[in-house]
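Results of the structural survey
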Amino acid sequence: MTGGSIHQLFEEWARRVPDHTAAITDSDRISYERLDADAGRLAAYLSTDAGLPDSGATVAICTRHPAEVLVSILAVLKAGHAYAVLNPSTPTQEQHRLLGLTRAEAIITNESLLPRVDDGRDRTAICLDTDATAIAHAGPAPRDSADPAPGGPAAVLFTAGTTGRHVAVATGHDRLLAAYAAWSEVYGMSPEDRVLVTAPPSTTEFTGGWIRALCSGATLVLPERPITAEWITTEQITVAEMSPATAARVLDMELPSLRLLAVSGAPLRLDEQLRLQALLPATGARVLSVYGTAEVAGCGTWFEPEQLPGPVANPERAAYLGLPFPGCAAELRKGRIWLTPPEGGDAVPTDDVGRRQGEGPMEFRGRTADQVTIDGRTVDTYRVETALAGHPHIQDVVITGDRGRTGSRLIAFVVPSPRAPFGAAPEVASLRGRLTGLVPAGDVPEAVVRLRKLPTNAAGKVNREKLPLPPIPGAVRASGKSGSGEDTTEGAIAALVGVTAGFIAAVLTGVIFPGATDVSGVPAPWNGLFMLLYLAEWLAFAVGMGFLAVGRGVMLRRSESRGLTTAAHLAIVYLLVAWWPQDNLYRLTAKTDWPRQAALVWAFNVPLMIAAFIVMIWVVASLPAVRKQNK
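The structure contained in this document is the topic of the report that follows.

About the thresholds
Residues numbered from 1 in each chain as written. Predicted model: local features only at pLDDT ≥ 70, side-chain atom pairs only at ≥ 80, totals over all residues. Heavy atoms only, no water. Salt bridge = Lys/Arg side-chain N within 4 Å of Asp/Glu carboxyl O. Helix = DSSP H or I, 4+ residues; strand = E, 2+ residues; numbered from the N terminus. Buried < 20%, exposed > 50% of the residue type's maximum accessible area, 1.4 Å probe, protein only. Axes fitted to C-alpha atoms, helices over the stretch in contact; angles between N-to-C directions. Parallel < 35°, antiparallel > 145°, perpendicular 65-115°, else oblique. Contact = heavy atoms within 4.5 Å. Nonpolar A, V, L, I, M, F, W, Y, C, P; charged D, E, K, R; others polar. Core = buried A, V, L, I, M, F, W, Y, C linked by side-chain atoms within 4.5 Å. Phe/Tyr/Trp six-rings, centres within 6.5 Å; stacked < 30°, edge-to-face > 60°. Arc of directions from axis to C-beta. Polar contact = N/O pair within 3.5 Å; in protein donor to acceptor, adjacent residues only side chain to side chain. Disulfide = S-S within 2.5 Å.

This paragraph deals with the pattern of salt bridges. Following the criterion strictly, the structure yields 25 salt bridges and no others. Here E235 makes a salt bridge to R194, at a shortest N to O gap of 3.4 Å. Within this pair, whereas E235 is found in the loop between α9 (229-234) and β11 (239-242), its partner R194 is found in strand β9 (residues 194-197), the two being separated by 41 residues in sequence. Given the relative accessible area of 16%, E235 is considered buried. Residue class for R194 comes out partly exposed when judged on its relative accessible area of 25%. By sharing partners, the salt bridges in this structure join D28, R34, D38 and R41 into a single network.

Turning our attention to the packing of helix α12 (residues 381-388) against helix α13 (residues 428-435). As a packed pair, α12 and α13 sit with axes 9 Å apart at the nearest point and diverge in direction by 95°. When the axis of α12 is compared with that of α13, the two are roughly perpendicular. Touching V384, A387 and L388 of α12 are L431, R434 and L435, all from α13. Of the residues belonging to the contact of α12 with α13, the class tally is five nonpolar, no polar and one charged.

Let us look at the environment of T159. Secondary-structure assignment places T159 in the loop between β7 (153-158) and β8 (168-172). For T159, a relative accessible area of 16% translates into the label buried. In this structure the C-alpha to C-alpha distance between T159 and A294, which are 135 residues apart in sequence, comes to 5.4 Å. Setting aside residues no more than four positions away along its own chain, T159 makes contact with R165, H166, V167, V169, A294 and E295.

Counting 72 residues, the largest nonpolar core has I6, W210 and F325 as the members making the most contacts within it. Once you skip the residues sitting within four places of it in the chain, W210 turns out to touch I6, L70, I73, L74, L77, Y83, C215 and L220. One finds I24, L258, V263 and V287 within the second-largest nonpolar core, a separate group that totals 22 residues.

Before going further, it helps to examine the packing of aromatic side chains. Taken as a whole and judged by the stated rule, the model has four aromatic pairs. With 6.4 Å between their ring centres and 20° between their planes, Y187 and F325 make a pair best called stacked. Placement of the pair is Y187 in helix α7 (residues 173-187) and F325 in the loop between β15 (320-324) and β16 (329-333), with a sequence separation of 138 residues. For the pair formed by Y187 and F325, the shared burial category is buried. Consider the rings of F364 and Y382, whose centres lie 5.3 Å apart with planes at 90°: the pair is edge-to-face.

Further remarks concern helix α11 (residues 270-278). Taken together, the buried positions of α11 are L270, Q273, L276 and Q277. Axial view of α11: buried residues confined to an arc of 120°, hence all on one face.

Turning to the side chain of Q597, a few remarks are in order. Following the sequence through the fold, Q597 ends up in helix α18 (residues 594-630). In this structure Q597 comes out as buried when scored by relative accessible area, which is 16%. Not counting residues up to four positions away in its chain, the partners in contact with Q597 are Y586, T589, A590 and K591.

Its location among the elements puts D443 in the loop between α13 and β24 (447-450). At a separation of 2.6 Å, a polar atom in the side chain of D443 contacts the side chain of R377. Residues contacting D443, with those up to four places away along its chain left out, are R377, V379, V384 and L410.

Turning our eyes to something else, we now look at the state of the cysteines. Per the counting criterion, the structure on display carries zero disulfides. There is no disulfide at C299, and the cysteine sulfur nearest it, in C328, is 3.7 Å away.

Structural data, given as structure tokens:
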């Protein structure tokens, strides 16, 4: 097939297989004929009623439904303009900044989103819901329109923002056509394929996904809800495109229908690629790790294990970029990766670092923007992360610095493995043992922060700016001593909670336990001693509640066992807090009220013994870790 513009490849398939399903969403199945007709009517409306020039303008798209985005993209291209897709969940201020970068003269959106996309500029707004009747009567846009001029506009893509703020990249039809030709040679798509694209419409990965599918006559599958491996099999997906984070979350069983899994957005570790390959039992099924920036329309390099000259000793520590797509080029200049766009032209620098050993494929070695400076020395955080990748109790890890907020130190953000034994989440001492001999001693993290999952951006890449910095409960210092910032924060929280709890206990004792603190019938000096006892009970309750708020983080700095520390923390809280209700209830219970006396013993005294036993175990178990941390 040939065509002077990317959408003309789609139009050829609409003529050849009009009844074939072009797109599947959670609520609809759209044929090629219907998708082409819907896009044609919207294109006609843009050309006649939107006040746009004949061609060459940029039209922004911001809607919540993938099908609307797809129709709008094709309509903008049919009308001779370039499209730019915005994520409706982007914060308003950033939304306005991105709109300004596109220099869009119009925006296709929904009525409910108008307040979010109104940046005060005189820009035409087309609402797909409220303008639906006018769009339906606009008439179809003619096919086989004149080819765009060489280098003519097609899309404005946004960089992923992993090295800073998103940047807009203008992309022409010639680049997208060359990229499609390169993808076709490697992916080998056909009309029989069902192509799952999980990337949000605002990403470069989505643009590549819809082009690969619809320009090959395949069916594009755009889920609007979380997917599962079972769903992939039920829908008979043959090609799936997703980020490493999505693949790790979704793919946990054999997928007999898949013939190709393309993972993009971030380099894929070799061990993960081999694991995913094992889930595709079909003969000849492939797993590709795809690498490419927005500057080259996402068409840079591709890797599969067959490109390796031999086995790799530590596959968990390697991520390969592989070979350039046909028509592209990838080279190293002083360790930095440069990519040549698929249509040729000047090489584009990336912020990524790579290396090549012997005849093997190019290997990804991190991003310069992720490196941190500690005490005047640059730390290669990617080297530390890959050294920890094979840790049996770690699922994901990111190493970064304090970003100038609380001092100069390295922090490990760890997602514990679900296969790790309870209470075995890694601590600093554990990481130090793993890293010894693999990285310089100064590159060992000084603190560990455990997360349920790493924050990611729309493209599925780790968003380091959203990582929570210590001091927080669960952050562990290698020295075993908290810094002044942690001491101050924890002390303030403990004092606030403790004073509040103690005051409430003192005020409500007479309400909850009427007569329990009445000493009017007790002679001096014994009445004073009883009052001191009541004050001690309130104080113990206050200290216990304060320790409940911050004690776990303090104790974790002295122990490597997360589960045992949690149990000991709660045991200490119980030992302190229980005195207030226990003594008051005892005083109000007659000595011969045996049922109530027995209930109090079992409710308070027996748990006190158990709590003391747990604390003893924790103290004994924590002694080795304390010695290691103080060395």
